[in-house]
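Notes for the structure review
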Amino acid sequence: MQTPHHANKQPTRWLRVAIPALLVLVWLVGGSVGGMYFGKVDEVSSNDRSSFLPESADATQVNERLPDFLGDDSIPALVVVASDSELTDEQLAEMQTLADDIADVGGVVDGVSPPIVSDDGQAVQIFVPIDADGDVGDIVVEMRELLEQELSTDLEGWVTGPAGFTADLSAAFLGIDGLLLGVALLAVFVILIIVYRSPLLPILVLMTSLFALCVALLTVWWLAYAGVVVLNGQVQGILFILVIGAATDYALLYVARFRESIARGERRWAATTQAWRGSFEPILASGGTVIAGLLCLLLSDLATNRALGPIASIGIAFSMLSALTFLPALLALFGRVAFWPFIPKHGVAEIPDDLTQPVKGLWPRQARFVARHARAVWIVCTIVLVGGALGVTQLQADGVPSSDLVLGESQARDGQDALAEHFPAGSGSPVYVVVPESDIVETVQIMEESAGVESVALSSEDSPTGSVQVSVEDGEAVFTAVGPPGTEAPAPTVADGDVLVTGTLTDASDSLEAEDTVRELRTDLDAQLGASTAVVGGETATDIDSNDTSIRDRTLIIPVILVVILLILMLLLRSILAPVILIGTVILSFGTALGVSALVFNNVFNFPGGDPAVPLYGFVFLVALGVDYNIFLMSRVREESLVHGTRRGILRGLVATGGVITSAGLVLAATFAALGVIPILFLAQLAFIVAFGVLLDTFVVRSFLVPALSYDIGRAIWWPSKLWRHGVETQEPQATVPASTDPGLIAADGHTLTRDEYRRTLES
């Protein structure tokens, strides 16, 4: 007897068990090893903003030169102690003891200043250099504990300055390993339980996501350890959320295909192979689209953006790999038991030819609604989305003070407020200017004439305070000695023919006024000394260079991402018109998400503004992930259109993908919303923009706008592909073609042929 052709392709029963078991074992080993690195991320991460600047930035050049003038590579901390009344001699003595004890704290380098009393006599400030190679967060915490122990009840103290803000930022990221991941996984689990009504399947899907994250983290950790990529808390949080969300989305798509095969009565191996073939192309295309969009971030001048591109791409790659290997292996072993207690018995709901007939189920009803009112649906959706996008005009994304980066309590921010009450607000975070020694006089004159500069000094290693006050008299630089009359003034430190001029700013270093002062100094110094002769740095300059670079990146990268994704869609759908329409709908959706977010940020949350990188990150994720859902939908539509015609294929594709895409959208929105548990302004804004945008894509763009617009256009949507030229097209679906019009529409058994049966008759 001849063996059926398909039987030759069936592996033996032993292989049908061994192959999935081997894949599961490999993932278990990789996930177990990677899981141990969750608590070690801080060993290879940094939250210092200056380390992310491009090498060409002035602030970067100054930071690299600071050790030449200040000695050790250190981060300044500023201890502020204040009282409601003028400090007594006993309290001042207490401050000197405090300064001595702070100098003994591990990680504090030589050069702690004596207490400097304010003009009103009610506060002192102590400059404390902290080893940049040490754990700044832990050192600052120890200093704060020392303040609590030693200060009397009538005194209040804070640790602020660059080191204080770095410590607060690090503390805000502490929950990123446990809290963020736990909230995200819990949200996903609850959604999957509701969707599948099964206790086992959600666990299998979450295993797919979690093990993908473990292996991705293992890879990223070693790349960061080798110095290939720069990792910080912000990138780490996005990696966690992106992998959990994307891997779950891809897993849901595979589960939907597997469920269809199980419902048709296929056995485990056959269901696995059919599901894998049906989901491989859309998962690969959607993941490839996201990776292509993320890799466009390599064009950025900011190291943190460039790092996010490959790091997040690694996460997406392992998400795809897990969804196409680990999950199929798990379901191949468990089979239909994975869906217990609701084993699927019914396939995808069908759409009747006659749309006047009643239909069952949410998605068949929605498909019928779209078909009946296609033009009205897409016009109304477009008007609503355009209205929401008008809110973009209210978006404030030109930078925020570093003191506002941490939401909630911040001792560094409170200390800066106290500092501004008693001292120049810019104390502790001066503006640095590196100039040739021959240009000291001109530089000091320019800085003294600036209304935003309180005082000017030069770095001096011979001075007990590390600096020497300077002024210009009769065209000569005059240095002021610290000490009794007759004390010789120390000479400024000279390195490679340059000196370091420091200016204490009148305004807080992270304020807009301070930024204006630094910009004016740069302009005046270039005009007086020549371009690039004087290099201006410091905390304020770092903020300026970071914001300017972010705006430049945003302007360059967004168009590049659009072109790259458009080309990918053209290759996938073999069409020009359909990809252009899909890109247009995603851009419109992004504009609406950004506009609504701007209104919410300004009027509900009362945020002080936004980082210039927020729109860029939001665009990368919303466009790439929004196109994901359109790929899921339109790849299925194209598959159905090859058999049933475009308009009917659109309805069948909408019904087939409606449940899985909606579930995926809810999961992704929930995971990104989990970023809101980390009290960082950037992450909170990104969480809202992406979560709201994904829901908008899921319930409006993909469910109504794209199907209705595609249905209204019809077969031309595939222009200029073969499907446009030669594809089968039908009019609006209806029950049957009246038999009286053509006797050939009557079957041999006497029943009236449906349109599909008639089409197959003609083709044969």
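Calculation criteria
- Every chain's residues receive numbers from 1 upward, in the order its sequence appears when written.
- Reporting in this predicted model follows two pLDDT cut-offs: at least 70 for local features of residues, and 80 or more for side-chain atom pairs to be given and counted; totals over whole chains, interfaces and linings ignore these cut-offs and use all residues.
- Water and hydrogen atoms were dropped before computing side-chain values, which therefore reflect all heavy atoms in the structure.
- Only runs of H or I of at least four residues qualify as helices and only runs of E of at least two qualify as strands under DSSP, and these elements are numbered from the N terminus.
- Exposure categories follow from relative accessible area, calculated using a 1.4 Å probe and restricted to protein chains: below 20% of the type maximum is buried, above 50% is exposed, and the middle band is partly exposed.
- Contacts were defined at the residue level, with two residues in contact if any of their heavy atoms lie within 4.5 Å.
- Shrake-Rupley sampling with a 1.4 Å probe provides the accessible areas, and residues are treated as covered by the protein chains on show and by no other component.
- Only when DSSP finds a minimum of two bridges between them are two strands counted as paired.
- Between the N-to-C directions of two axes lies an angle of 0 to 180 degrees, each axis being a line fitted to C-alpha atoms and, for a helix, fitted only over the stretch in contact.
- Any helix carries an expected span of 1.5 Å times its number of residues minus one.
- One axis fitted to the seven residues ending at a residue, another fitted to the seven starting there: the angle between these axes is the bend at that residue.
- By the definition adopted for this analysis, an angle is roughly parallel if under 35 degrees, roughly antiparallel if over 145, roughly perpendicular if from 65 to 115, and oblique otherwise.
- Left-handed describes a crossing in which the near helix is turned anticlockwise from the far one by less than a right angle; the clockwise case is right-handed.
- Every definition here rests on a 1 Å grid over the protein atoms only: cavities are sets of points where a 1.4 Å probe fits but cannot get out, pockets are open sets enclosed by protein on both sides within 12 Å along at least five of seven lines, and lining residues have some atom within 4 Å of a point.
- Grid points are joined across faces, edges and corners, and a volume is the space filled by probe spheres set on the points.
- Each residue gets one label: Ala, Val, Leu, Ile, Met, Phe, Trp, Tyr, Cys and Pro are nonpolar, Asp, Glu, Lys and Arg are charged, and the others, such as Gly, are polar.
- Classification of ring pairs uses Phe, Tyr and Trp, with its six-membered ring standing for Trp, and accepts pairs whose centres are within 6.5 Å; under 30 degrees between planes counts as stacked, over 60 as edge-to-face, and the remaining range as tilted.
- Each ring is checked for a lysine NZ or an arginine CZ that lies within 6 Å of its centre and within 35 degrees of its normal; such an atom marks a charge sitting over the ring.
- Salt bridge, as used here: a side-chain nitrogen of Lys or Arg that lies within 4 Å of a carboxyl oxygen of Asp or Glu.

Looking only at helices and strands, one finds 22 helices and 10 strands in the chain. Scored against the burial criterion, the 764 residues of the chain give a buried share of 55%. Excluding contacts between residues fewer than 6 apart, the proportion of contacts in the chain whose partners are at least 24 apart in sequence is 79%. Accessible area for the chain stands at about 32,000 Å²; split by element, carbon and sulfur atoms hold 58% of it.

A sheet is described by the order of its strands in space; here four strands give the open sequence 2-3-1-4, paired in antiparallel fashion. Two strands close off the open sheet at either side, each with one partner strand: strand 2 (116-117) and strand 4 (156-160). Pairing geometry for strand 1 (residues 74-82) and strand 3 (residues 123-131), over nine bridges, is antiparallel. From the neighbouring strand, V81 faces strand 3, where its bridge partner is V124. The strands touched by helix 3 (residues 89-103) within the sheet are strand 1, strand 2 and strand 3, with strand 3 carrying the most contacts at an inclination of about 5°.

Quick look at helix 2 (residues 58-70) now. Counted at 1.5 Å a residue, the expected span for helix 2 with its 13 residues is 18 Å, and the 18 Å between its end C-alpha atoms agrees. If you look at helix 2, its biggest bend is around 35°, right at E64, and the proline P67 turns up within four residues after that. Three or more residues of helix 2 are buried, namely A59, T60, V62, R65, L66 and F69. Next to the buried residues of helix 2 lie strand 5 (431-436), strand 6 (453-459), strand 9 (498-505), helix 15 (512-529), strand 10 (535-538) and helix 16 (539-573). Downstream of helix 2 by one or two residues, G71 has phi in the positive range, about 90°.

The subject of this paragraph is the sheet that holds strand 10. Pairing is antiparallel in the open sheet, where six strands are placed in the order 8-7-6-9-5-10. Two strands lie at the open edges of the sheet, namely strand 8 (476-480) and strand 10, each paired on one side alone. Here the strands of the sheet are splayed against their neighbours by 35° on average, with no regard to which way each runs. Bridge analysis of strand 6 against strand 9 gives five bridges, and the strand direction is antiparallel. Considered in strand 9, the bridge of V456 is made with G503. Helix 15 rests against strand 5, strand 6, strand 9 and strand 10 of the sheet, and its axis sits at about 10° to strand 5.

Bending of helix 19 (residues 646-673) peaks at approximately 50° at the position of G658. Burial within helix 19 is extensive, with 25 of its 28 residues counted as buried.

Another point: unusual backbone geometry. The linkage connecting W340 with the following residue, P341, adopts the cis geometry, with an omega of 10°. Relative to the elements of secondary structure, P341 occurs in the loop between helix 10 (303-334) and helix 11 (362-372). In the Ramachandran plot, D496 falls in the positive-phi region, its phi being about 55° despite a non-glycine side chain. Along the chain, the position of D496 falls in the loop between strand 8 and strand 9. The residue S532 is not glycine, and still its phi comes out positive at about 70°. Locating S532 in the fold gives a position in the loop between helix 15 and strand 10.

Turning to the packing of helix 17 (residues 577-603) against helix 18 (residues 613-644), a few remarks are in order. Remark: helix 17 packs on helix 18, axes separated minimally by 9 Å, with the N-to-C direction vectors making an angle of 135°. Here helix 17 lies oblique to helix 18, going by the angle between them. As helix 17 runs across helix 18, the sense of the crossing is right-handed. Together, L582, I583, T585, V586, F590, A593 and L594 of helix 17 and P615, G618, F619, L622, V623, G626, V627, N630 and M634 of helix 18 make up the contact between the two elements.

Sheet topology places strand 7 (residues 467-473) next to strand 8; five bridges connect them, and they run antiparallel. Within strand 8, the residue paired with E473 across the bridge is E476.

With that settled, consider empty space enclosed by the protein. Throughout the structure, instances matching the rule amount to five cavities of 30 Å³ or more. Counted as a void, the second largest cavity has a volume near 80 Å³. Along the walls of the second largest cavity sit L253, A256, R257, E260, P282, F632, S635, R636, A656, T657 and V660, which together make up its complete lining. Elements represented by at least two residues in the lining of the second largest cavity include exactly helix 8 (233-263), helix 18 and helix 19. Top element by residues in the lining of the second largest cavity is helix 8. It accounts for four residues.

The N-to-C vectors of helix 16 and helix 18 enclose an angle of 5°; their axes lie 10 Å apart at closest approach. The angle between helix 16 and helix 18 falls in the class roughly parallel. Listed contacts from helix 18 to S550, D553, R554, I557, I558, I561, L562, I565, L569, L572 and L573 of helix 16 are A613, P615, L616, F619, V620, V623, A624, V627, I631, M634, S635 and R638. Its residues assigned to classes, the contact of helix 16 with helix 18 comprises 18 nonpolar, two polar and three charged.

On to the packing of aromatic side chains. The full count for this structure, using the stated rule, is 20 aromatic pairs. Both rings, one in Y617 and one in F682, keep their centres 5.1 Å apart while their planes meet at 90°; by these two values the pair is edge-to-face. Separated by 65 residues along the polypeptide, Y617 in helix 18 and F682 in helix 20 (residues 681-713) bring together distant segments of the chain. Ring pairs connect the aromatic residues F601, F605, F607, F688 and F692, which therefore count as one cluster. Directly above the ring of W221 sits K40, whose terminal nitrogen or CZ lies 5.0 Å from the centroid. We note R647 situated over the ring of Y711; from NZ or CZ to the ring centre the distance is 5.6 Å.

A few words now on the pairing of strand 4. Burial of strand 4 is extensive: four of the five residues sit out of reach of the surface. Direction of pairing for strand 1 relative to strand 4: antiparallel, over a ladder of five bridges. Its bridge partner being in strand 4, L78 is matched across the sheet by T160.

A complete count under the given rule lists 10 salt bridges for this structure. Residues E260 and R636 are paired through a salt bridge, measuring 3.4 Å at the closest nitrogen-oxygen approach. Taken together, the residues E260 in helix 8 and R636 in helix 18 connect sequence positions 376 residues apart. With relative accessibility at 7%, the residue R636 sits in the buried group. D553 is paired through a salt bridge with R552; the nearest N and O atoms lie 2.8 Å apart. Taking relative accessible area as the criterion, D553 reaches 0% and is therefore assigned buried. Where salt bridges share partners, they join D58, R522 and D545 into one cluster.

In short, the description is geometric, and any link to function would need to be established separately.
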